[in-house]
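Below, each chain spelled out in residue letters.
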Amino acid sequence: MKSKKYLATMLAALSLITSVPASANYTCSGPVKGVAINGLGGVVAESIGKVQWAFLCNVETATNGISPATCKVMYATLITAQTSGRNVTLWVTDNSTVCPDLPPRWNYISGFNLLRMD
């Protein structure tokens, strides 16, 4: 019962965070696969559409302009999308213009500012 209440709270918080699109140069969308948290608290996904092995945020320290509390909600969103087979969309504002131009694998996505489950 406690787990369902926690999930409901996380989904409510998620709807507040992701209901309004942020300004972005481009978006990346697709299915989520292989979500994990490394030993330093970095949230990484094996793939989100064409994005591969990218770090999104950190659950221990503010990183890339994202607080640990927000990162935990994003992590919950990624896990939910992965287990339910839903896609997510990343909004990114940086020097690139398309999704495949993201940084090399195992790096944080610079300018990543919003995650939405589709």
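Residues numbered from 1 in each chain as written. Predicted model: local features only at pLDDT ≥ 70, side-chain atom pairs only at ≥ 80, totals over all residues. Heavy atoms only, no water.

1. Some remarks on the side chain of T63
And then number 1: Tracing the backbone through its elements, the reader meets T63 in the loop between β3 (51–58) and α2 (68–84).
And then number 2: A relative accessible area of 17% means that T63 is categorised as buried.
And then number 3: At a separation of 3.1 Å, a polar atom in the side chain of T63 contacts the main-chain carbonyl oxygen of T61.
And then number 4: Among all residues touching T63, those that are not within four sequence positions of it are N58 and Y108. (Helix = DSSP H or I, 4+ residues; strand = E, 2+ residues; numbered from the N terminus. Buried < 20%, exposed > 50% of the residue type's maximum accessible area, 1.4 Å probe, protein only. Polar contact = N/O pair within 3.5 Å; in protein donor to acceptor, adjacent residues only side chain to side chain. Contact = heavy atoms within 4.5 Å.)

2. Examining the packing of aromatic side chains
In this description, an aromatic ring pair is defined by two values, namely the gap between the centres and the angle between the planes.
And then number 1: Taken as a whole and assessed by the stated rule, the structure comprises three aromatic pairs.
And then number 2: When the ring of F55 is compared with that of W106, the centres are 6.2 Å apart and the planes differ by 55 degrees; the resulting orientation is tilted. Here F55, found in strand β3, pairs with W106, found in the loop between β4 (87–92) and β5 (112–117); they are 51 residues apart in sequence, far enough to count as distant.
And then number 3: The exposure class assigned to F55 is buried, which follows from its relative accessible area of 10%. (Phe/Tyr/Trp six-rings, centres within 6.5 Å; stacked < 30°, edge-to-face > 60°.)

3. Quick word on the pairing of strand β1 (residues 26–37)
And then number 1: The sheet contact formed by β1 and β4 spans six bridges and is antiparallel. For G30, the partnering residue across the bridge sits in β4 and is V88.
And then number 2: The pairing of β1 with strand β2 (residues 42–48) spans five bridges and is antiparallel. Residue pairing in the sheet places K33 in a bridge with S47 of β2.
And then number 3: The antiparallel pairing of β1 with β2 creates a hairpin that spans four residues between the two strands, and G41 there sits at a positive phi of about 95 degrees. (Pairing = 2+ DSSP bridges.)

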